[in-house]
Structures are given as C-alpha cells and as structure tokens.
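Spelled out from the first residue to the last, the chains are:
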Amino acid sequence: MLQLQKIREDKDLVINRLSVRGLDANILVNSVLELDQKRRETQVKLDDVLSKRNTISKEIGAFFKAGNVDEANRLKEETALINDNADKLRKSLSDIEKELNDILYQLPNLPHESVPNGKTSAENEIVMSKGDIPVLHKEAKPHWDLAKEYNLIDFELGVKITGAGFPVYKGKGAKLQRALINFFLDEAEKAGYKEIIPPYMVNEASGYGTGQLPDKEGQMYYVSEDDLYLIPTAEVPVTNIFRGEMLKKEDFPIKYTAYSPCFRREAGSYGKDVRGLNRLHQFEKVEVVQVQHPSKSYETLNEMVDYVKSLLEKLELPYRLLKLCGGDMGFTSALTYDFEVYSAAQERWLEVSSVSNFESYQSNRLKLRFKNENGKKELAHTLNGSALALPRILASILENFQVEDGIEVPKVLHPYLSFDKI
RNA sequence: AGAGAGGUGGCCGAGUGGUUUAAGGCGCAUGCCUGGAAAGCAUGUUUUCGGGAGACUGGAUCGAGGGUUCGAAUCCCUUCCUCUCUGCCA
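Everything quoted here is computed from the prediction, not taken from an experiment.

**Details of the protein's contact with RNA strand B**
Close to RNA strand B lie 19 residues, the nearest being Arg39, Gln43, Asp47, Ser57 and Arg369. Take the atoms of RNA strand B that sit within 4 Å of the protein: sugar and phosphate atoms are 69% of them. The contact in question runs from a base nitrogen of RNA strand B to an N or O atom on the backbone of Ser57, over 2.7 Å. Secondary-structure elements contributing two or more residues to the surface near RNA strand B are helix H3 (26-66) and helix H4 (69-106). If one sorts the elements of the surface near RNA strand B by residue count, H3 sits on top with 13 residues. Residues belonging to the surface near RNA strand B are distributed by class as follows: four nonpolar, seven polar and eight charged.

Right, dumping it as structure tokens:
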C-alpha cells in the first residue's frame, strides 16, 4: 500500500499520478489526510489519559505498601472516570485506524511517470516487436484441434475429472510441457536466479502481503476448512519469503525463481478467450522475483524485460512488448510490461508474460525493509515477472511450428526431449 | 489426530499481581586506557506510534487476540506456532 508519509508530503502528486489510472482519488486522499490528523490527535489524548492512569496506579501501589489503605481506595475511585475516558478514546482510535486502513487498501499504486494515460488494453503502448510471423500451410489448425489430432492434451477428460479449465496433458504433450519447465528453470539459473520450490497454498497474511487480498472472490481458490488459498502465481509465496525481513544493503539484488502450478478462478471469462489453452483454472508457470534497492529497481526491471526477450527469441516465437497504460495496469504495480506471442493459427496475440516493478507498494504491506546508507530503515523494492507462463507458449509452439506432416519443436528444446517432431 | 511441555530483547536466560523503569550474561556501538591491539573500566543498545526546533518526552509492546484488576510478562478464555511421546500416512 501507499506510504502515508508520501501522501502527507505531496497529496497533489498522489492525486495527479492516480488520475493516470482513470481514478479520481481526490475524495479518498483527502479523507486519508483528515483521518490521519484525527488519529494523531486522538492518540495524543489517549496517551495523556493512560499516562495519568499509570502514575496513579503507581501511587496506589505505594500507598498499599505503606499500609495506607484509605488513601489507596480513594485513588481507586478516581481511576474509574479515567478508565471510562480511556475506553472511549481507545475505541475511537481503533475505529479511526480501521477506517484509515480501509481507504489505504483501496488506493492502488502510483503509476511511474512514463506510464501512458489510457483506460483499456487498446491504449497500451507497443514498445517493440520481433520475429517473423510464420506463413502456415493451407490445412493449418488452431492448437485445440492439433492437441486432439496428435493426442497431446485432453480437455474433455479434464472436465470429467475436475471441470472446465483443468486439462490433462498426455504423452508428448506432457513431455513438451516438462521440457519447457526445465528449460525455463535452467535459463533462470544461468541468469543468476536461485531456484525455490514454494508451498502451493498460502495463508491470509501472505495474500495481503503481495496484494491479492482484500479481494478474495476475484481470483483465488479458498480452502475454508483450513483458511488457506491456492496460489494464483508463485509470486505470492516467493515474495512472502521476505515478509517482515530486515535486509542489509549488500543483500541486493535478491533473485529467486520458482516453478509452480497456478490456480485461478477466472470468474466472468468466456468465449474465444477460454478456448483450448488460452485461459485455464490450473496452469504451469515459472516466475522470477527480485528484491532490489529503490535506486536500482528500474534498471532491474529493464534487465528482467531483456531476460524474457531472450527466452522468447531462443524459442523462435514472434513476440511484441507492450507498456501497459494506467487503466490496464494491475492494482499493485507502478510499471508493467506485457509480452505477447503471436499464435499463427488463431491469428491473435497471446499474453505470456507480465513484468512489473511494484516499488515499495508490496514491501510496505510486507514490512520488507533494509538499513540504508545512513543506517535508517527504508522499504525495499519488489519486482517480478513470468518467465514464462506455459499454456500459451505451448499453444503458440503447436500452432506456429505445425507443418503438413506433423509439428516441429523449437531447437532449443531438443536436448530436453527424446523426439524433435510430433 | 490424542497426551504432555514450552514460546520473554540481536542471542542465551531470570522473572507466579505493584522499586521490573524486564535482572544477569553474550554480542554489538561509542568513549577511557594503549605505540597499536587484547584485557579492563564506563556509557549506550527491543520494536513501534506520537509530541517537541531541539535537549528531551508520552503511549503501546514478553507468540497473537480478548478478559479480570486501580495496576498483568505474571491470573482467566480463545487462537497460532515449536518440541517430546502415541497414532496415522507418501
């Protein structure tokens, strides 16, 4: 969440930056400042009352010790009024704090100054594109038909076992998936990321830490019996490794990678968007996460973007890089780049990666700090990116690499497979 | 899952209702001493929200949340976690 300190210092800047998201934050920001003022005033009053009570309590103790019971009892009566007053102030302080917190939770991150204005994905800025769009033969098919023809993925079987959006990968389909996971993890390790296998369920505090909560109905599956959430991305458990940590400035940059299945409810999706592998309730992903010094986080964001580019180029997939506009950016992000690959039979771009700098938005919730050059505690910056999400990569490989008598496999995966053509 | 034991500052560890303002030790920081260091001595050292230009100063904080009391690390309730034993299981 946003730092209250920053809102106090320059509320116009905050309102101004949030308008890039198409959000008029005037009322919210002003109530934050009002509540903050009220909170401090109330706390001063409460502290004062409690201070008096502490003094009197000590006096009572001293009187009892001295055997002066009458005087002690007289003072006891005095505290009744004080405690009454303290209760009221405590109640109103906690009400104010709750209200203040609720509003702070409603405020999204401030977009970086380079984020373009805009409401929808149509206004995202295409930064670059690379790779030739393949020319397919006349009988070319979308991946869901190929998956059936070559017996790679069984969507109906997944419906039988679980429900829509939970496909079953079979034979060479499963092996190709596994090869991609290994390829991505090996590349990440070469790029300096430490591999992690995180828990696939997280508690409520972790959900709040990275910003998935409060908003639970939207995307996460919830196991009520144990009060746990299935992770929608490895970002959640991996970033929460650092919840409450105090780092040293020499620790930066911290680079972690993790493969995990991801579970998303995706309420409200329909139509061609959910066809085949395009949008699933369970999918595989390799994620990269970095924790960085605030002065270097944008350098790191660029490094991560370059890293994802290199993966797509090694896989020989045509891609384009988008800088998201304010309206399309996630709640917690300050700047997000999306990668899309071209899936030649569907003739559409599919998002396969999202790389974001959250600046201190997550670390403020996580209480992820470090001792800076002056020995002061300061919030670290967190970043993450998909590297990469599997299903749409698989979809575009199947579609783009199909030839008349089968499906070829990107060369870079050959060492990971016992076959080089399906 | 059942029974028992436990959770106190950066770490160890004392503390069963009021000089605890959390003893003592280790570690760390600063100073004295020294040619320099060690030892020794002295001072400081949980975290966090406030007030104050500052020197200073108020509140909260002993796993977490409630309660009893004028007053709670200490008593009561709830809950989480760790350890030991038993059971179950890949």
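**Some words on the confidence of the model for chain A**
Low pLDDT means the predicted coordinates in that region are not meant to be read closely. Confidence along chain A averages 90 in pLDDT terms, with 98% of residues attaining 70 or more. The ipTM, which scores confidence in the relative placement of chains, is 0.84 for this predicted complex, and the corresponding pTM is 0.90.

**As for the packing of aromatic side chains**
Tallying each qualifying case throughout the model produces eleven aromatic pairs. Judged by centre distance (5.6 Å) and plane angle (45 degrees), the rings of Phe183 and Phe184 are tilted. Phe184 shares its class with Phe183; the two are buried. With 5.4 Å between their ring centres and 40 degrees between their planes, Phe242 and Tyr256 make a pair best called tilted. One end of the pair, Phe242, is in the loop between helix H10 (235-240) and strand E8 (246-248); the other, Tyr256, is in strand E9 (residues 254-263), with 14 residues separating them in the sequence. Residue Tyr256 is classed as buried on the basis of its relative accessible area, which comes to 16%. Through a chain of ring-to-ring contacts, three or more aromatic side chains come together here, namely Phe183, Phe184 and Tyr416. Sitting over the face of the ring of Phe419, Lys172 holds its NZ or CZ atom 4.9 Å from the ring centroid.

Scoring rules and cut-offs
Residues numbered from 1 in each chain as written. Chains lettered and ligands numbered in written order. Predicted model: local features only at pLDDT ≥ 70, side-chain atom pairs only at ≥ 80, totals over all residues. Heavy atoms only, no water. Near = heavy atom within 4 Å. Polar contact = N/O pair within 3.5 Å; in protein donor to acceptor, adjacent residues only side chain to side chain. Helix = DSSP H or I, 4+ residues; strand = E, 2+ residues; numbered from the N terminus. Nonpolar A, V, L, I, M, F, W, Y, C, P; charged D, E, K, R; others polar. pLDDT = per-residue confidence, 0-100. Phe/Tyr/Trp six-rings, centres within 6.5 Å; stacked < 30°, edge-to-face > 60°. Buried < 20%, exposed > 50% of the residue type's maximum accessible area, 1.4 Å probe, protein only. Lys NZ or Arg CZ within 6 Å of the ring centre and 35° of its normal.

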